[in-house]
Amino acid sequence: MKDKAQAAVLFMIGNLLIQRAIAHDLALLLHPRFRPLLLASGALLIVLSVAVFRRREGASAEGASWASLFALVGVAALGMFFQPGPLGGAAAARRGLEAPPAVVAAPRAEPPRPVRTEPIRSVHEGALFLHDEEYDPRSITGVPVDVVGFVHKNTEYGRRYFTVTRFLMVCCAADASPVGLLVGYGETPGLQEDSWVRVQGRFVQDTVNYAYTLVVAPDVVEAAQQPADPYLYPPGR
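Here we summarise the structure given alongside this text. Please read these numbers as outputs of a predicted model, since none were measured by experiment.

### A look at the pairing of strand 2 (residues 161-168)
- When you tally the buried positions in strand 2, you get eight out of eight residues, the bulk of the element.
- The two faces of strand 2 match: Y161, T163, T165 and F167 on one face and F162, V164, R166 and L168 on the other face are all buried.
- The pairing of strand 1 (residues 144-152) with strand 2 spans three bridges and is antiparallel. From the neighbouring strand, F150 faces strand 2, where its bridge partner is T165.
- The pairing of strand 2 with strand 3 (residues 177-184) spans eight bridges and is classified as antiparallel. Note that in strand 3 the partner of F162 across the bridge is V183.
- Where strand 2 and strand 6 (residues 231-232) come together, two bridges link them in parallel fashion. Note on strand 6: the bridge partner recorded for L168 is L232.

Laid out in structure tokens, this is it:
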């Protein structure tokens, strides 16, 4: 009887892993590169469940206790009914967003790079661009931006600003870090925290907390659908 229960639990968990991997639900918790591993693990558990089910009575060694089997059933049941969601503003506040760079007051000895003309289309790309020390921050003024992310309001910057934010995942949700671009928008109080928006505009110099800072001056802030995969991934990871 215990063998049959073991087989049922193994089959349940294997089937759950395969279903979740196919449905991309676990992409909210794990990097997509782990999807083949999840599929293989689920298939292996199903094969193992068949082997345990067909094992002859009395041929097995001391098996798992009923308590451990019920614990596994509980884990499988939780996995069936638990629907993971993407990280949002609360997680961004806990983990911390890097502040936008201050604009240097004195000109650099070397000439700045030419102003970029093509729009920045990723929050991560924009953050890397702003913090690239090879750029004179003033040469970034006027660079166009067209990005999608969720609204995060950081009271540190005042009511007129919000951060269009995404999470950058290397391995899993536990190590995901928020990246964002500060947006100066007069209607920020009317935006809902964690709502997804598309921001089109350009970088300008602004005074934030008594420092000259590069922020996005939007031409358009409009509601957007949450992407099927809400996370961004470092190149090559």
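### A look at helix 5 (residues 123-130)
- In terms of residue burial, helix 5 counts as a mostly covered element, since six of its eight residues are buried.
- Regarding helix 5, the residues found buried are V123, H124, G126, A127, F129 and L130.
- A distance of 3.2 Å separates the backbone nitrogen of H124 from a side-chain oxygen at the start of helix 5, and that oxygen is part of S122.

Criteria and cut-off values
Residue numbers here run from 1 along each chain, matching the order of that chain's written sequence. Local features in this predicted model are restricted to residues of pLDDT 70 or higher, and side-chain atom pairs are both shown and tallied only at a pLDDT of 80 or more, whereas totals for entire chains, interfaces and linings draw on every residue. By convention in this description, side-chain values take in all heavy atoms of the structure and omit both hydrogens and water. Burial classes follow relative accessibility: with a 1.4 Å probe on protein chains only, a residue under 20% of its type's maximum area counts as buried, one over 50% as exposed, and anything between as partly exposed. Every helix listed is a DSSP run of H or I at least four residues long, and every strand listed is a run of E at least two residues long, numbered separately from the N terminus. Two strands make a pair as long as DSSP finds a minimum of two bridges between them. Polar contacts, as counted here, are pairs of nitrogen or oxygen atoms within 3.5 Å of one another; within protein the pair requires one atom able to donate a hydrogen and one able to accept it, and residues that are adjacent in sequence qualify only if both atoms are side-chain atoms.

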